[in-house]
Amino acid sequence: MQPLDHYKSVAHDLLGHPVPGLPDLTPQPTFNTLLPSFIQKLPPNLPDEDLQFLATKGAFSLPDETLRNELLKTFALHVHPYLPVLDLSILLEAIANNNGESRISLLLFHAVMFSSTASIDPKHIHRAGYTSRKAARQEFFRKARVLYDFDVERDRVILIQSVLLMTYWHETPEDPKDFRYWLEIALSLAGSIAFYDRSEWASETASKGLWKRIWWCMYTLDRLVALNLRRAVVIKDEDFTVPPPSMADFNIQRHPPHVLRMLGNCEVLRGVGKQQQLAQMFIEKCKLCTTISGLISPISNASGCSPSVFTYYIQALENWQANLPSDIQYQAPESPVLSEGDRSLFAYRAWLEMIFLAASGALHRQRLGTQEYHPWHEQASPPERGIQKITQSMAVVAEGLHELDLVHCLPTTTVGLLMPVLATHIMNIRSDSPDLWGNAFRSFYQCMKVLEKLGEVYMLAESMASFFQSAICGDKDGEINAAGSSTGTPGLLPTAFLEKVLTASELKTFYAYRELERASS
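The rules we used
Residues numbered from 1 in each chain as written. Predicted model: local features only at pLDDT ≥ 70, side-chain atom pairs only at ≥ 80, totals over all residues. Heavy atoms only, no water. Helix = DSSP H or I, 4+ residues; strand = E, 2+ residues; numbered from the N terminus. Contact = heavy atoms within 4.5 Å. Axes fitted to C-alpha atoms, helices over the stretch in contact; angles between N-to-C directions. Parallel < 35°, antiparallel > 145°, perpendicular 65-115°, else oblique. Left-handed = near helix turned anticlockwise from the far one by under 90°. Nonpolar A, V, L, I, M, F, W, Y, C, P; charged D, E, K, R; others polar. Buried < 20%, exposed > 50% of the residue type's maximum accessible area, 1.4 Å probe, protein only. Lys, Arg positive; Asp, Glu negative; His and termini not counted. Salt bridge = Lys/Arg side-chain N within 4 Å of Asp/Glu carboxyl O. pLDDT = per-residue confidence, 0-100.

1. Section: the environment of Val233
Within the secondary structure, Val233 sits in the loop between helix H11 (208-229) and helix H12 (257-262). Sequence separation of Val233 and Ser293 is 60 residues, and the distance between their C-alpha atoms is 8.1 Å. Those residues within four positions of Val233 in sequence are excluded, and the remaining contacts are Asp222, Arg223, Ala226 and Ile296.

2. Quick word on the packing of helix H4 (residues 65-78) against helix H5 (residues 88-97)
Direction vectors running N to C along H4 and H5 enclose 170°, while the axes themselves pass 12 Å from each other. Between H4 and H5, the crossing angle belongs to the class labelled roughly antiparallel. The two elements H4 and H5 cross, and the hand of that crossing is left-handed. Judged by residue contacts, Arg68, Leu72, Phe75 and Ala76 of H4 engage Leu88, Leu91, Leu92 and Ile95 from H5. Taken together, the residues that form the contact of H4 with H5 break down as 7 nonpolar, no polar and 1 charged.

3. Description of the side chain of Arg349
Within the secondary structure, Arg349 is located in helix H16 (residues 340-367). The buried charged residue Arg349 lacks any salt bridge partner; its closest oppositely charged side chain belongs to Asp342, at an N-O distance of 6.1 Å. When residues no more than four places from it in sequence are discounted, the contact partners of Arg349 are Gln277, Met281, Asp327, Ile328, Gln329 and Tyr330.

4. Remarks on the confidence of the model for the protein chain
It should be kept in mind that the predicted coordinates are not to be read in detail where pLDDT is low. Per-residue pLDDT for the protein chain averages 81, and the proportion of residues at 70 or more is 76%. Across residues 475-494 the pLDDT falls below 50, and counting only partners more than four positions away or on other chains, this stretch makes 53 contacts in the model.

5. A look at the pattern of salt bridges
The full count for this structure, using the stated rule, is 16 salt bridges. Of the charged contacts in the structure, one is a salt bridge between Lys134 and Glu462, with a shortest N-O distance of 2.7 Å. Here the residue Lys134 occupies a position in helix H8 (residues 133-149), and Glu462 occupies one in helix H20 (residues 459-472), the gap between them amounting to 328 residues. Relative accessible area serves as the criterion here: at 43%, Glu462 is assigned to the partly exposed category. Between Asp237 and Arg223 there is a salt bridge; the shortest N-O distance is 3.0 Å. Of this pair, Asp237 sits in the loop between H11 and H12 while Arg223 sits in helix H11; the two residues are 14 residues apart in sequence, bridging distant segments of the chain. The class of Asp237 is partly exposed, set by a relative accessible area of 40%. Each of Arg133, Asp405, Lys453 and Glu456 takes part in salt bridges that share partners, so that together they form one network.

Here it is, written out as structure tokens:
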């Protein structure tokens, strides 16, 4: 107990010092008494040595009230709309009341805090003593992870909710415990309880809507991971019998004044309008992922599919986009300044558009089959023209997110959406067409800014950004000449061209990348 000796003096200060010469009858603090009243008590059968280890890992250390409230606000704005796996009102009211009448799981609390660190304004992270979002994410994830590993939480629904929030952790391609790992744990847990029983969907219990949302969160994550990584899906369509979510499955309400005060009068929680729009976007994402589910096989096995199959799914995606409600359809930002609620809505719309474009682009690329990609030829094929349109559209969406400083609010799956787009831009930069060359590099630069911004949060994005920087800054030993080659490794871009298509600020940034690459080599 030596690492905890200081708690004794803290308790004596609070409860009064013992009388000299008499037995010390002051109640000694336990881990339960050290936790706030809104946290559930720890299981009584946890061994002392496990509690000691958890304490050394910081599992019982919670963020200060200011950081906690900012993380909760960020969760309501930029995490819960994408993964509505818990009842937000129960979480927020338990913390705001802090009277012990309503409690939440310590594991779930740390998972909520962790998932919010990616999107929070960095000034709050720095004020709390963290050097970066990455450092904060790593610490909060470690707390959630160690609580999961030590079986502190026994409720399987809470375990499902927690590990789904932990899918926000995916640091390196070699890490076996990536977001797919946590997703498969959630699916295994869900399959082991009555949660999977179809009769539950016909019941009128208060949990029905929550259960449907959790299942659809798992389904959509599974489809997006399969699309990004070209992997087989885990949830088979024939086995997935959960009805589509509807507005009735969301607990949409105006949150009480004490909750709003705690979160700084959060705009989204003040009324129901923006909550309804965010819920509708989740519903539309479910519809889109249902369509994506059908096209994963053609994308993975293009040689076994006829052209009509690709045409069918391209049309299905376009029909989804055409049928989107007007207030959900993506539009370029009209103003560089948006309210916090409008920023949340814009980021979600942009992300849905990026998923649509990524799925469409994957179909067009696979439709080309083994043909060599030459979009700059005068007789470019329809798939080549489609790829060009999609990559340019993706760059426009990326630029809008960057201008509003909303890139960090996107989920980790966004990294995978950008990979094929950037690769296509590099191919276009190699073309002999000045127009295509110029547009390709400008679009490449717009997407790279987004990837680098994501790199401030996700290590995977940082490593991918470094890879593409190396690809585009091909020369390391010589100077780029007017023909686009160098005395060292062949370069892709002539200096004269860069000076024409980039602003002075962008050109300075590009040359900084090149010098950085030279230094690292």
